[in-house]
Amino acid sequence: MTSDGSIYLVDDDPGVRDALAFLMRSRGLPVRAFDSGPALLAALDAETPVSGPPRGVFLLDVRMEPMTGTRLHDELLARRLRNPVLFLTGHGDIPMVVDALKKGAFDFLEKPYSDNALADRIAQALAVDAAMQAEGAQAAEREARLASLTEREREVMSRVAAGKLNKVIADELHVSVRTIEVHRARVFAKLGVGSAAELATLLAQG
């Protein structure tokens, strides 16, 4: 699986930043480079209301001014961004990055790193981002389908998913079995399922 997202590269060393950007582009990987954490955050804050949350991964150096890579990671989390984050780090930074991994960072590469290893790991992170985006789209569709149900259809849905027979549901809701059959058919059609088992699985995913 591939991603149509970008690599958001942040490094305050212009030489390193340009070299990394060149490496990414030479591998056909789209990259956007920033010289500081605040510059990246300003761009995201300006673009998100228009284009939505960023798609792609963040590649952050740990030791930067005026904002460290780990602090920038905290700021991304505060904005509820869950894109994969990779750190470029020196040996002395490893304890800080281990803490970032506990907060959900994707990986870190210790300097000096192999260009091939870095490019391959970023490609893997982009694939993870694509999978997360697809899962998010499926969740949004599921929520939209559920929102289309009427209150009575929801009552029927929960009972069907629990494995109750139409006659039992009809008795509980004080309506005819035929009415439950109609509601059941509508629930299945709206949610795109064909059985009570599929319905239960859909609700469990939610």
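Residues numbered from 1 in each chain as written. Predicted model: local features only at pLDDT ≥ 70, side-chain atom pairs only at ≥ 80, totals over all residues. Heavy atoms only, no water.

A word on the packing of helix α2 (residues 37-51) against helix α3 (residues 69-78)
Following both chains from N to C, one finds α2 and α3 inclined at 15°, their axes separated by 10 Å at the closest point. Classed by the angle they form, the pair α2 and α3 counts as roughly parallel. Here α2 runs over α3; the crossing is right-handed. On α3, the residues that touch Gly-37, Leu-40, Leu-41 and Leu-44 of α2 are Leu-72, Glu-75 and Leu-76. Here the contact of α2 with α3 is composed, by residue class, of five nonpolar, one polar and one charged. (Axes fitted to C-alpha atoms, helices over the stretch in contact; angles between N-to-C directions. Helix = DSSP H or I, 4+ residues; strand = E, 2+ residues; numbered from the N terminus. Parallel < 35°, antiparallel > 145°, perpendicular 65-115°, else oblique. Left-handed = near helix turned anticlockwise from the far one by under 90°. Contact = heavy atoms within 4.5 Å. Nonpolar A, V, L, I, M, F, W, Y, C, P; charged D, E, K, R; others polar.)

Some thoughts on the nonpolar core
In this structure, Leu-40, Phe-58, Leu-60, Leu-72, Leu-76 and Phe-87 are the most contacted members of the largest nonpolar core, which totals 20 residues. At the level of secondary structure, the elements contributing two or more residues to this core comprise β1 (6-10), α2, β3 (56-61), α3, β4 (85-89) and α4 (94-102). When residues in this core are grouped by element, the largest group, four residues, is from α2. When near neighbours in sequence (up to four residues on either side) are disregarded, Leu-40 contacts Tyr-8, Val-10, Phe-34, Phe-58, Leu-72 and Leu-76. (Core = buried A, V, L, I, M, F, W, Y, C linked by side-chain atoms within 4.5 Å. Buried < 20%, exposed > 50% of the residue type's maximum accessible area, 1.4 Å probe, protein only.)

What about the pattern of salt bridges?
The tally for this structure, following the rule as stated, stands at 14 salt bridges. For the salt bridge of Asp-61 with Lys-111, the shortest nitrogen-to-oxygen distance reads 3.0 Å. Of this pair, Asp-61 sits in strand β3 while Lys-111 sits in the loop between β5 (107-110) and α5 (115-147), and the two are 50 residues apart along the sequence. On the basis of relative accessible area, Lys-111 is assigned to the partly exposed category, the value being 39%. (Salt bridge = Lys/Arg side-chain N within 4 Å of Asp/Glu carboxyl O.)

Some thoughts on the packing of aromatic side chains
Going through the model one piece at a time under the given rule, you end up with two aromatic pairs. Ring centres 6.5 Å apart and planes at 15° place the aromatic pair Tyr-8 and Phe-34 in the stacked group. Within this pair, whereas Tyr-8 is found in strand β1, its partner Phe-34 is found in strand β2 (residues 31-34), the two being separated by 26 residues in sequence. The exposure class assigned to Tyr-8 is buried, which follows from its relative accessible area of 5%. Residue Phe-34 is classed as buried on the basis of its relative accessible area, which comes to 11%. Ring geometry for Tyr-8 and Phe-58: centres 5.2 Å apart, planes at 35°, overall tilted. Here the residue Tyr-8 occupies a position in strand β1, and Phe-58 occupies one in strand β3, the gap between them amounting to 50 residues. Here the aromatic residues Tyr-8, Phe-34 and Phe-58 are joined through ring pairs into a cluster of three or more. (Phe/Tyr/Trp six-rings, centres within 6.5 Å; stacked < 30°, edge-to-face > 60°.)

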